[in-house]
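Architecture at a glance
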Amino acid sequence: MSQTYRLNNSGQINRDKKISFKFNGKKYFGYEGDTLASALLANGIHLVGRSFKYHRPRGFFGAGVDEPYAIVQMVRNKETEPNVRATEQELFEGLEAKSVNCWPSVNFDIGAINNFFNKFLPAGFYYKTFMWPKSFWYRIYEPFIRKAAGFGVASTKYDSERYEHKYEYCDLLIAGSGPAGLSGAYAAAKNGASVILAEEKPRFGGSLLTSEVNIGNQSGKDWAEKIIAELKEMPNVTVKNRSQVFGYYDHNMLVMSEKVSDHLPKTKKFSPKQRLWYIRAKEVLISSGSIERPIVFGNNDTPGVVLASAAKEYLKVYGVLVGKKPLIFTNNDSAYETAIEFKKNGIDPIILDSRNAPNSEIIEEAKNLGIHIKFSYVVVVANGYKKVKSAQIAQISPDKKNLGKIEKINCDCICVSGFWTPTIHLSSQSGNKTKFDEKIDAFVPGKSKQNETTVGSANGIFNLEETISTSFEKGYQLSKKITNNDNKVSVPQVSEKKFTNHDKFWCVPLPNKKNFKRFLDFQNDVTVSDIELALREGYRSIEHVKRYTTLGMATDQGKTSNLNGLQLVSDVENKVVPSVGHTTFRPPYTPVSIGAIVGREIGKHSKPTRKSPMHSWHEKNNAVFVDAGMWLRPRYYKKANEGLFEASKREAANVRKNVGVCDVTTLGKIDIKGPDAAEFLNRVYTNAWLKLPVGKARYGVMLREDGIVMDDGTTTRISENHYHMTTTTAQAANVLSHLEYYLQLVWPELNVNVVSTTEQWAGAAIAGPKSRRLLQKLFPNKDLSNEGLPFMGYSDGDLFGVPTRIFRISFSGELAYELNVQSDFGNFMWEKIIELGNEFGIQPYGTEALSTLRIEMGHVAGSELDGRTIPYDNGLDGLISRKKDFIGKRSLNREAFIAKSRQKVVGVVPLDKKTSIPEGSHLVKDASAKLPNPKLGHISASCWSVEYNNPFSLAIVKDGKNMIGKKLYALSPLKNKSIPVEIVSSHYVDPKGERVRS
Amino acid sequence: MLYIFCPHCGLRSQNEFAYGGDGSVKRPTLNKEVSDKEWDNFVYNRKSPRGKHVELWHHISGCRQWIKVQRDTVTHEIFKTVSADKEI
Ligand SMILES: [Zn+2]
């Protein structure tokens, strides 16, 4: 099909480069520099989709970010993407796009039946229709809504594209490269400020690309090109096109989405698809321009009804006619530019102007060109279903309330202009309270809240000369404030045609006995009668009207509809617009892809992976890893066909029988130094620390101020004023913050320093009856007897030349040691332990065996110290000092904490000695009691006792110690299990703790 | 994202900090008799003021110092920041 609506010699496209693309499976041609919208229009395609609620045919309305209709499903390089605006998508070779919200096809859409039943789809129809009967919800309503809702389908595939984040700082961020933005950027850059100039479109220049003005003796477009070229050469300036500043956050943090590759058939190697910029700007110049708003009339959603400014942009930028018999319907002068542009290209437009004999330079020009103008005329209704075929027009009375005789006029498009709405989203997001400007019937920014200044038409200034001179001045002033430079460039001469006032008119009344649909929100299908109904039903606040009718809630966020909606509410309510107020502008200004928001933080990149220095040894030895916070820890070492259960049992049994080695590098380690260190520990831990001798370790429990156990671990006195604290892997970071809090804020008088050394030490726990014999091989010259290095003793050692810390501490309940060496020597240490341990039958063990060993010994850990238990619950009564005060002590007196029936940690064994009890099971008296079955406690941790060869669990049970010997049931409704159990002591193995001291 | 002045490091983005709650709370002195009410107020009860408020932030990915920040809870304006040992 040929491009029958393409002009021969106008536009800013590259006619030497023909591009083929597919729309709804059919092949078309366009040119380099086209958007999908302009290329389709060049081919005479106006029907691109169906509307949200009534499934009415929809075409193109705008030419950019404000577009409410032309949303397509894109296919690019085999990836599909929903919610793409055809007016923003640049054409590339092989582009494929499909209509959305229509089934089975855009030309024949079954949902369009809604259009004929529209009496049943009034404002709030979701709330009214889908409420009753309840049984209809899943079967009928939900599937209906799901099918009808949304603009496209998200891909279920993994997105193979790459997205990036970038952090940037600048003196001045300028949002928008129209005349205001260019002027501000140029003045500021010449005055030495670091500037980022962002333009949402591929071409810089904004309105200068389509206006007939003169700046500094050149056309506006040439001037823009010259300024941009100069800015690009300046080292203090970053110029970005295809970049939308979409959010203005606290403290002048703005976020910008740069579409790096969306306009290319395929993302280039080493380049992202999109990049999200987080920009901290000292000052922000908002030059986001303005968006034309429509005049509301009957069937104003028919394909072929377009904004006059969009029609002009299609002509001047793309050389495309939106129609060959255009009707221009306006209440102001700017649409005359569109009419003149048609006329210059050999097309005869007819202008309907709602004003009564206005007079201005541009109206004179139109008259002189012989353009047919009808004053005091309006479009009453557009005729045609899938495309405008004609219009019914009428004269309108001066008070705009009465229509004259209806006349029919042939046309194939209606270019409508209801004047201009400043784009105040960014200034409003910054916290700026906007104000209503009666002169332009729109809101403009008020007093600046953050360091933001709005210029040009975004500030309600539609006069180019004033825009350019104020923007030069602002650029200069803001840069001077930041850089203290005083280099002021001269403002160029500007000439443009003078415009006269617009008509305060926005909605054509209905003729007698006619009830045409008059759309306000084109994307969400909200009509004038919907708003009227909402107001009749008692909705008053504009925020409520918005939510009830969904006005302005679609993906275009009401860029073309909000103000007309406000006008309607104010008319019906007989209020002025400022007292109606407007709904809150929230980021993002325009949809941002989830990929860009997530950036590189996906999969393995979503958080750092921490590995111990022995990680590669574990890998080579068939370790199966488990996530422990950010750490990867061996869960078990797989042999032959073993699974988790067999392997962990083997590893744990070997510790009880021979000797095992476990990588404990991940334990938090904190170095504590200073003359007041002992006093500090005495306040932090619940037990006494003042008398711990050098060379000794002690187990400690620390509480939060509310009495809940925060963490436990051992701390060793290395020398007089030097301690080595260990924390659990999970709490390492919190404990450090906790210690810093007390040292810096609560007790700054204590002379103590803390620093994390977790990464500096590699740790290996050597546990089992043969561990001393192995240790003697590792340190042949050391006295490692029970007297030489007793339980809870510490000594330094020399591991074949590597300085080593030797701690005699035990988590497994066996005779055990922990070795720490500098991380770099971790692997050396580990391999030595394995090498020399072979004769004692050493085996590495993972976290699963580690758990088994501690559970059957009744050592509490994270599953019992779960942020809900106090020391008494965990049988740690002996660690609570009566003599001294410590963090959280005062809370332990709380009534609930000293209650007799308080929960305690106990052991649990299934009566059949076979059935493992799922963690999280509830303990109850009567398994068949009526629900809710009174809960006595829960299973906190389960293992297979390698000592007794039967399952064993720990539980936290009400009145725990008195329950020992009782028979209960462990219920796990999730696993559908009811297991008869007996409560036993939590110290299942070696209750007297003889092994660790042996 | 807030821009917080750390008295030790300078202006840094909020994502380097962890929020630490009400900065006006004083821990009762150790070994002192404290009434239930006084203790409850220290541990649990916090005001949620509208407007100026002193709060704690921990420069957790920076110098690791706790700092006091006076911030407007409505506008997020930050008036003053001081190191932990000073008062606002
Ligand atoms: Zn800092």
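Residues numbered from 1 in each chain as written. Chains lettered and ligands numbered in written order. Predicted model: local features only at pLDDT ≥ 70, side-chain atom pairs only at ≥ 80, totals over all residues. Heavy atoms only, no water.

So, the overall build of chain B
For chain B, the helix and strand inventory stands at one helix and six strands. Helices and strands appear in chain B in the N-to-C order β-β-β-α-β-β-β. Dimensions of chain B, computed from the C-alpha atoms along their principal axes, are close to 40 × 30 × 20 Å. Counting all 88 residues of chain B, 40% fall into the buried class. Sequence separation of 24 or more characterises 44% of the internal contacts of chain B that already satisfy a separation of 6 or more. Carbon and sulfur atoms make up 47% of the accessible area of chain B, which amounts to about 5,000 Å² in all. A gap of 3 Å separates the mean positions of the 14 positive and 11 negative side-chain charges of chain B. (Helix = DSSP H or I, 4+ residues; strand = E, 2+ residues; numbered from the N terminus. Buried < 20%, exposed > 50% of the residue type's maximum accessible area, 1.4 Å probe, protein only. Contact = heavy atoms within 4.5 Å. Areas by Shrake-Rupley, 256 points an atom, 1.4 Å probe, with all protein chains shown as cover. Lys, Arg positive; Asp, Glu negative; His and termini not counted. Charge placed at Lys NZ, Arg CZ, Asp CG, Glu CD.)

Observations regarding the pairing of strand β7 (residues 95-99) of chain A
Residue and element names in this part refer to chain A. Only one face of β7 is covered, namely the one carrying Leu95, Ala97 and Ser99; the face carrying Glu96 and Lys98 has none of its residues buried. Where strand β1 (residues 14-23) and β7 come together, three bridges link them in parallel fashion. Across the sheet, Phe21 pairs through a bridge with Leu95, a residue of β7. The sheet contact formed by strand β5 (residues 71-76) and β7 spans four bridges and is antiparallel. Across the sheet, the residue bridging to Val75 is Glu96, located in β7. (Pairing = 2+ DSSP bridges.)

Some remarks on the interface of chain A and chain B
In this assembly, 29 residues from chain A lie in contact with 28 residues from chain B. Buried area between chain A and chain B, both sides added, is near 2,400 Å², and the carbon and sulfur share of it is 53%. It is His251(A), Gln744(A) and Arg890(A) in chain A that bury the most area against chain B; as a group they hold 27% of the surface buried on that side. Linking chain A to chain B there are three salt bridges. Arg890(A) serves as the salt-bridge partner of Asp36(B), at 2.6 Å between the closest nitrogen and oxygen. At the level of secondary structure, the elements contributing two or more residues to the side of chain A that touches chain B comprise β8 (163-175) and α20 (732-746) of chain A. For the side of chain A that touches chain B, the element with the highest residue contribution is α20(A), accounting for nine residues. Taken together, the residues of the side of chain A that touches chain B sort by class into 13 nonpolar, five polar and 11 charged. (Buried area = accessible area lost by both parts, 1.4 Å probe. Salt bridge = Lys/Arg side-chain N within 4 Å of Asp/Glu carboxyl O. Nonpolar A, V, L, I, M, F, W, Y, C, P; charged D, E, K, R; others polar.)

Quick word on the pattern of salt bridges
Residue and element names in this part refer to chain A. Under the criterion given, the structure shown has 60 salt bridges over all chains. Residue Arg656 is joined to Glu814 by a salt bridge in which the shortest nitrogen-to-oxygen separation is 2.7 Å. Pair noted here: Arg656 is in helix α18 (residues 644-657) and Glu814 is in the loop between β42 (802-807) and β43 (816-822), with a separation of 158 residues, a long-range link. Judged by its relative accessible area of 11%, Arg656 falls in the buried class. The salt bridge involving Arg656 is made with Glu947; its shortest N-O contact spans 3.8 Å. Residue Arg656 is located in helix α18, and its partner Glu947 is located in the loop between β47 (937-945) and β48 (950-958); the two are separated by 291 residues in the primary sequence. The class of Glu947 is partly exposed, set by a relative accessible area of 31%.

A short note on helix α12 (residues 528-536) of chain A
Listing the buried residues of α12(A) in full gives Val528(A), Asp530(A), Ile531(A), Leu533(A), Ala534(A) and Leu535(A). In the stretch just after α12(A), Gly538(A) is the one whose phi turns positive, near 105°.

Here's the deal with the pairing of strand β2 (residues 10-13) of chain B
All names here are of chain B. In this sheet, β2 lies alongside strand β1 (residues 3-6) in antiparallel orientation, the contact comprising four bridges. Pairing of Phe5 across the sheet is with Leu11, part of β2. The loop that links β1 with its antiparallel partner β2 comprises three residues.

Looking at the packing of helix α21 (residues 771-778) of chain A against helix α22 (residues 826-837) of chain A
Residue and element names in this part refer to chain A. Two elements in contact, α21 and α22, have axes separated by 10 Å at closest approach and are oriented at 115°. In this structure, the crossing between α21 and α22 has a hand that is right-handed. Facing α21, whose interface residues are Leu774, Lys777 and Leu778, α22 presents Lys832, Ile833, Leu836 and Gly837. (Axes fitted to C-alpha atoms, helices over the stretch in contact; angles between N-to-C directions. Left-handed = near helix turned anticlockwise from the far one by under 90°.)

Comments concerning the coordination of the zinc ion
All names here are of chain B. Bound to the zinc ion are the protein donor atoms Cys6 (SG), Cys9 (SG), His59 (ND1) and Cys63 (SG), situated 2.0 to 2.3 Å from the metal. If you look at the zinc ion, its four donor atoms make angles of 103 to 112° with each other, and the shape they trace is tetrahedral. Donor residues binding the zinc ion come from one chain and are separated in sequence as C-x2-C-x49-H-x3-C. You can call Cys6 buried: its relative accessible area is 0%. Looking at Cys9, the relative accessible area reads 27%, which means it is partly exposed. (Donors = N, O, S within 2.8 Å, 3.2 Å for Na, K, Ca; no water. Tetrahedral: all angles 85-135°; square planar, octahedral: opposite > 155°, others 65-115°.)

Some words on the sheet that holds strand β39 (residues 753-756) of chain A
Residue and element names in this part refer to chain A. A sheet is described by the order of its strands in space; here five strands give the open sequence β36-β37-β38-β35-β39, paired in antiparallel fashion. In this open sheet, the two strands that pair with only one neighbour each are β36 (697-703) and β39. Taking each pair of neighbouring strands and ignoring which way they run, the sheet shows an average axis angle of 25°. In terms of strand pairing, strand β35 (residues 668-673) meets strand β38 (residues 722-727) through six bridges, oriented antiparallel. Bridging from a neighbouring strand, Asp671 pairs with His724 of β38.

Observations regarding the nonpolar core
All names here are of chain A. Formed by 85 residues in total, the largest nonpolar core has its most connected members in Phe329 and Ile414. Among the elements that line this core, the one with the most residues is helix α7 (residues 308-318), at seven residues. Both of domain 1 (1-153) and domain 3 (294-418) provide at least three residues apiece to this core. Other than its neighbours up to four places away in sequence, Phe329 contacts Ile295, Phe297, Leu352, Tyr377, Val378, Val379, Ile414, Cys415, Val416, Ser417, Phe505 and Val508. Judged by nonpolar contacts, the second largest core, of 32 residues, contains Leu172, Ala224, Phe472 and Leu478. (Core = buried A, V, L, I, M, F, W, Y, C linked by side-chain atoms within 4.5 Å. Domains from an automatic or database assignment.)

Brief notes about empty space enclosed by the protein
All names here are of chain A. Counted under the stated rule, the structure contains eight cavities of 30 Å³ or more. If you add up the space inside the largest cavity, you get close to 190 Å³. Contributions of two or more residues to the lining of the largest cavity are made by β25 (420-422) and α14 (562-573). No other element matches the three residues that α14 contributes to the lining of the largest cavity. (1 Å grid on protein atoms, 1.4 Å probe; cavity = no way out; pocket = protein on both sides within 12 Å on 5 of 7 lines; lining within 4 Å. Points joined across faces, edges and corners; volume = space filled by probe spheres on them.)

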